[in-house]
Amino acid sequence: MEPLIDQLIRSSYPHPVAAAWHRVSLAPSSADRVKRLLACLEVLVRVQCVLLLPDYLRGPADEAVEKTLERLDRPALGHWVQLLRSLIRAIDARELPAFAPEAVSWYLTKGRPSDSARRLDDLVAIRNDEAHGRALSPSEQNARAAEVLGEMRLLLGELSWLGRYRPFRILASSLSRRGGFEGRIQFLTGVAPQAEPVRASWPARLFEECVYLTDPAGTAVLELTPFVQVIYDEGPKEERVFVLAGTHKQKKLVLKNDATGTAQTSLIASYEGDVPLDAWLAARAELSLWQTNEGSSETFATVTEARVDGEVIGGRFEVREPLGEGGMASVLLVWDLWDEQLFALKVLHKQLADDPTFKERFRREARTMKRLRHPSILAVEEAGQLDDGRLYLKLPLLSGGTLRDRVKAGASPPERVQRWARQMLSALAYLHGKGVVHRDIKPSNFLLDEADDCFLADFGIALQSDDLRLTRTLEQLGSVAYMAPEQRRGNDVTAASDVYSLGVVLHELATGREGDVTPGEGIAGAIGELVRELCADNPAERPTAQQALDKLGTGAPPAPVRPSAPPPVAVAPSYHVQQPDGTRAELTAEEIAAAPWAQAASLPVWLPGWAGWREAREVPELAAVLPPVAAPPPEVTPEPAPVAAEPPPPKASDLPRLELEVREVPPGRFEMAPGHQVVLTRGLLDAGPVSRGLWEAVVERQAEVGADPEPVDAVSWLEAVTFCIGLSERCGLHPAYAFGPPHPRKAYSIDDIGRMLREIVPFKKVPAILAHFGTDALQVMQFEPERLAEVPGIGGKTAAGYAERWDRDKYFVRDVVWQREAPGYRLPTEAEWVHLSASAPELPQGALEWTWCADPGPAYQRGPTPLPEGEHTDPALDDGPRRLARGVGERKAFEPGQSQRRLGLRVVRTLG
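For every chain, the first residue of the written sequence is number 1, and numbering continues from 1 along that sequence. With the structure being a predicted model, the display of local features is reserved for residues of pLDDT at least 70 and the display and counting of side-chain atom pairs for 80 or more, all residues being used for whole-chain, interface and lining totals. Side-chain measures were taken over the full set of non-hydrogen atoms in the model, leaving aside hydrogen atoms and water.

With that out of the way, let us pick up the environment of R902. In this structure, R902 sits in the loop between β39 (890-894) and β40 (903-904). A residue is classified by how much of its surface remains accessible, and R902, at 43% relative accessible area, is partly exposed. Remark: the alpha-carbon pair of R902 and L848, spanning 54 residues in sequence, is separated by 6.4 Å. Starting at the N terminus, helices and strands are each numbered in turn, a helix being any DSSP run of H or I of at least four residues and a strand any DSSP run of E of at least two. Per-residue accessibility, obtained with a 1.4 Å probe over protein chains only, is compared with the maximum for each type, and a residue is labelled buried under 20%, exposed over 50%, and partly exposed between these values.

As C-alpha cells, this is what we get:
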C-alpha cells in the first residue's frame, strides 16, 4: 500500500504538497528527513487552509476564524493548525453546504476530533519537540525519522480527497460558438511545477491567470486567488505556485514558494485597484468566489487512474511504475508478457480517449514515428488500442534519462555537448529532409540510452510541411522557453524554428542553466559559435541542420575537393570494449585482436549508433581477426589463506556430510487437474518439507542438524535458492544453482542515480560526478570506485571513503543460473510439485510451497510450462514475471525477495 499512497501523492495531490513530499524522498540523512517531513506537514496544513478559506468566506464571519486570521503576521505551525481547526468547525456549523464536505468528515466525527485530527496533533507535538527539545543521538534520530515518516504517510493517505479537488488556472479563454467559453487550462497538481496545458470548455465566468479549485465532478469551481497565485520566480526563472504563508500588518498577503523559498508581499487586486486584506475581508458579502460549472467538458472531472505495480493492462502489459506524465499521455514502464521484455508504454489519457482532436494527434504521432528510420530518432515498436479505448505507443526503454536531467546536473563537458550536437543535428537534418517539422524541440524530448547517445522523441505536434490538418488546434502548442521568435509571434513554424530551439537546448547543456535570455553568451569555442548561429533572430540567417552538422563535423566549412586529390583513407572504427576486468577501452579491431585478453569467452563491444552492446564474435569484422576462445585453465589449488583474528564461518564443504531421509518417486504421468496431465520424465528423491532444524544447520553453517521438526516458513525465493546451494554442498553434490554476475535491479534514470549518490556523497559533489560519468556513475560506484578520483575535487582517499559506504547489494541483483543435469538439490518442477503435493499428507492446509518455473510466460498461466534442457539463466528474477508458489487448490505470485507467513519450501533431488 505504501508505494500506491506515495504514487497518489506525487501524481494527484496539489502541487505544493506533492513537491514537499517528493523532497522528503531526496533527504540525505535521517535528521534532514525529519526536517523535510515537518516542512511537508506545514505545507499540507497551509494548503488545506487556503482551500477552505474561500469556502468559509461564502458564509457569515466566525469569531474563532477571525481572531486566528489576525495572528498570521508571523505564524507558526500551531497557528495554521488552529486556523484549520476553526475553518472546519465554522463550515460545519453553518447551513450552507460545504464545497469539500470530505474536509469536514476527515477532521470531525460526530462533532468530535477524529483519529486523523489526533494524528495531526501528535505530529505538531513532535515538531515542537524537534524545535525546542534536546539533541538526539543518531539511533534516536533514525527512530524518529521512521516514526514521523509512518505517521505522515498515514495522514496523507487519509487525505486522499485532496487528489479529487484539483486546483487549476486559466491560460487562455475565448467565447465558444456552442455557448460558454473554451481555451486552455493548467492543473496545478503533481510534482512537476508546470504541467502541460490541456484544452477545455466551460460555462462559468473564469478569468485568465486566476487560480480555481474544481470539485470531483467538475460541476462547480471555487476561486482560490489571492491565497494561491502563479508568480514568476526569479530564482529558477520560471512561473511557480505561491501559497499564502502569512500577512503583513493585516494589510498585505505574504505568499511563498516552498520549493525555492522565495516570498512575495502584495495587496489584493480588485476592480477598484489594489486593496488591503482587512478591507477585502470586510467586503465579503460582495465576493463571488463560488460558481456552478454544469456542462463543462470532462477535463474538469477527476479521473482516478491509480495504477498499482503489477496491474496488467490490455491483457499483456504488466505495469511496473510510471515514468512520466504529460498533458496528453502518460508513460509507463511495462513488462510485455508476450515479448518478455521491458518497454515504455505511452498511453493517451482516459479523459481524452473520446476527443477526436487528440486521438488524431496521437495517431499522427504514431504514423510519423513509424515512418522515420534514423539512428538518433526513437522508433515506435508498436501502436494499438487498449480494451478501454485508450490508444498506446510501445517504445524502446532507454535508461539514461533525458537531456533535461543533464542540464539540471550542471554544465556538461564541451566534447560531450559536441557529440550530442552532432546526433541532434543529424536527426533534425533527416527529419527536415522528409518534410517534417518537430515544433517542440526541448531537452526533455531528447532521451539517452546506456551509452549516453541521445534520441529525439515526442512527435505529438510535428507536422508535414504540407499538412494543414489540426494546424489551428496546434498553433499555440509547444514549450515557450524554446520557441523561436517567429513561433512566439504566431507566424509560420518552419525547419528554421526547430534549428533555433536546438540552439537553446545546446546553450543550456553547455552552461547548466535554464532560462538565459541570450543564447550563446559566455560560451567559447565551436559550441558557442554554433549556438549563436542557430539562434539568429532572422530565420533566413540561420544555417540548416545539415549545414550546421557539416560545419561542426570539421570545425570549418569543408574545402572543395580537387580532382587530383587522393581518395580519402578509410578510418578504422574504434569499438568501446568491456574488458574482462570490468574496465572499458576504445580500441580498433586490430588492437582488440592483439590484446592479451582477446581469447576471453565474452567480449561485449559497442559502436555509436548501435542500440546496445554486442558480443565481439557476433560482429563479422571482429570475428575475422579474433583468435579462438581459450580453453579453461587447469584448476589450481589455492594457497591456504592466513589465519585471521576472527576466523571466517566454516564452508559448507568443510562440515560433516548430511544424509537425509528420502523416498524415491519414479517417473510417470500424473493428473494436475481434470483434463490436464503432466509427465515426470526422470526419477527423483523427495526430502520432504524443509524443517527449521535443517534450515538453520544449512543456512547458518552449523555442524549438526537441529531438533526443531516444524516446517520452515516465510521463505523468499532467493533464500530458497541459497538454501538449495548450501544443501547440495553439505550432501557432497554439485549444486544445481549458482548466482551469476550482478546487474542493475532496474533501468535507473539519471535522477535515480543522483539520489543514490546523495546517500553517501555530499550534495555539492553529486553534479560533478554525474557530469563526469553520466549514467556510468552507478557502474563506477559498484565496481570501480577508485575512478571517482578522476572527478575534480575528489581525491583517492575521499573516493575510498565513499566506496566503503556504498551498499553493493542495494541496487544490483544476481542472476540465478541453473543446470538441468546437475545432481544437486533443487526446487520442485511443475510436474514434481503436482505429485509431491498430492502424496504429501504433511502439507499443512492453506500452506504454499515454492515452485520452480524457469520459463513461466504469463504470470498467471493455467497450465504447466516445459523446462528447457542444459544450462539456463532464470529470466524472471529481475525483469520477468513474478515467482510462483503453490498450495492445495491455490497458486500465488511473489517478487523474488518477498515472503509471507506459511510460505515454505520443499526440495527434491534427481536420480542419476
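Moving on, there is more to tell.
What follows is about the packing of aromatic side chains. Paired rings are identified among Phe, Tyr and Trp, the last through its six-membered ring, by centres lying within 6.5 Å, and are further divided according to the angle between planes into stacked (under 30 degrees), edge-to-face (over 60) and tilted (the rest). Enumeration according to the criterion identifies eleven aromatic pairs in this entry. Their ring planes at 70° and their centres at 5.3 Å tell us that F317 and Y392 sit as a pair that is edge-to-face. Taken as a pair, F317 in strand β16 (residues 317-325) and Y392 in strand β20 (residues 391-395) lie far apart in primary sequence, 75 residues in all. On the basis of relative accessible area, Y392 is assigned to the buried category, the value being 6%. Taking 5.0 Å as the distance between ring centres and 10° as the angle between the ring planes, the aromatic pair formed by W695 and F723 counts as stacked. Placement of the pair is W695 in helix α20 (residues 692-699) and F723 in helix α21 (residues 717-730), with a sequence separation of 28 residues. A network of ring pairs unites the aromatic residues F168, F187, W202, Y212 and F300 as a single cluster.

Those residues of helix α23 (residues 766-773) not exposed but buried are V766, I769, L770, A771 and F773. Downstream of α23 by a residue or two, G774 has a phi angle that is positive, lying close to 65°.

Before going further, it helps to spend a moment on the confidence of the model for the protein chain. Of the residues in the protein chain, 82% reach a pLDDT of 70 or more, and the chain-wide mean stands at 79. For the protein chain, per-element mean pLDDT is lowest for helix α13 (residues 471-474), which scores 32, and highest for strand β6 (residues 211-214), which scores 94. Contacts from residues 304-308, a stretch scored under 50 in pLDDT, to residues over four places away or in other chains number 14 contacts. On a range of 0 to 100, pLDDT expresses the predictor's confidence in each residue. Pairs of residues are marked as contacts when any of their non-hydrogen atoms sit within 4.5 Å. For residues 854-868, every residue scores under 50 in pLDDT, and the model assigns this stretch 35 contacts once sequence neighbours within four places are set aside.

Here the focus is the side chain of S12. By the element assignment, S12 lies in helix α1 (residues 2-12). What S12 contacts, discounting residues up to four positions off in sequence, is L162, G163 and T189.

Taken across its five residues, strand β41 (residues 906-910) has four buried, putting it largely inside the fold. In this structure, strand β32 (residues 684-689) lies alongside β41, joined through four bridges in antiparallel fashion. If you follow L684 over to β41, its bridge partner there is T910. Pairing between strand β35 (residues 825-826) and β41: two bridges, direction antiparallel. Bridging from a neighbouring strand, R826 pairs with V908 of β41. Paired strands, in this sense, are two strands between which DSSP finds at least two bridges.

For sheets, the rule is that strands pair by backbone hydrogen bonds, running either parallel or antiparallel. Taking strand neighbours across the sheet as the criterion, the six strands line up as β5-β4-β3-β6-β7-β14 in an open arrangement whose pairing is antiparallel. Each having just a single partner strand, β5 (198-202) and β14 (290-292) make up the two edges of the open sheet. Each neighbouring strand pair of the sheet contributes to a mean axis angle of 40°, computed without reference to strand direction. Orientation is described by axes fitted as lines to C-alpha atoms, over the contacting stretch for helices, and by angles from 0 to 180 degrees between their N-to-C directions.

For helix α16 (residues 525-534), the set of buried residues is I527, G528, L530, V531 and L534. In an axial view of α16, the angular spread of the buried residues amounts to 165°, which keeps them on one side of the axis. Directions are taken from the helix axis to each C-beta atom, and the arc is the one they span.

Below, the discussion takes up unusual backbone geometry. Across the junction of T225 and P226, the peptide omega takes the value 15°, indicating a cis bond. Tracing the sequence through the fold places P226 in the loop between β7 (220-223) and β8 (228-233). In this structure, Q250 takes a positive phi of about 60° despite not being glycine. If you trace the backbone, Q250 turns up in the loop between β9 (238-248) and β10 (252-257). Despite not being glycine, A714 has its phi angle at roughly 55°, a positive value. Inspection of the secondary structure assignment puts A714 in the loop between α20 and α21. In this structure A714 comes out as partly exposed when scored by relative accessible area, which is 27%.

What follows concerns the sheet that holds β32. Read across the open sheet, the four strands follow the order β29-β32-β41-β35; overall the sheet is antiparallel. Strands at the two margins of the open sheet, each flanked by one partner only, are β29 (663-665) and β35.

As a further point, take the pattern of salt bridges. Any carboxyl oxygen of Asp or Glu that lies within 4 Å of a side-chain nitrogen of Lys or Arg is treated as forming a salt bridge with it. In this structure the tally under the stated criterion is 33 salt bridges. With a shortest N-O distance of 2.7 Å, K394 and D336 are connected by a salt bridge. One end of the pair, K394, is in strand β20; the other, D336, is in strand β17 (residues 329-336), and 58 residues separate them in sequence. Of the two residues, K394 and D336, neither departs from the other in class, the shared state being buried. If you follow the salt bridges from partner to partner, you end up with R406, R416, R419, D452 and D453 in one network.

Our next topic: the nonpolar core. Burial of nonpolar side chains together is a common tendency in soluble globular proteins. Grouped together as the largest cluster of nonpolar side chains are 77 residues, with contacts concentrated most on V45, W106, L120, M152 and L155. Ranked by the residues each element gives to this core, the list is headed by helix α3 (residues 30-56), at 15 residues. What W106 contacts, discounting residues up to four positions off in sequence, is Q48, L84, I88, S114, S116, L120, L155, E158, L159 and W161. Think of a nonpolar core as a cluster: buried Ala, Val, Leu, Ile, Met, Phe, Trp, Tyr and Cys residues, connected wherever their side-chain atoms sit within 4.5 Å. In this structure, A427, A429, A484 and L530 belong to the second largest nonpolar core, which totals 38 residues.

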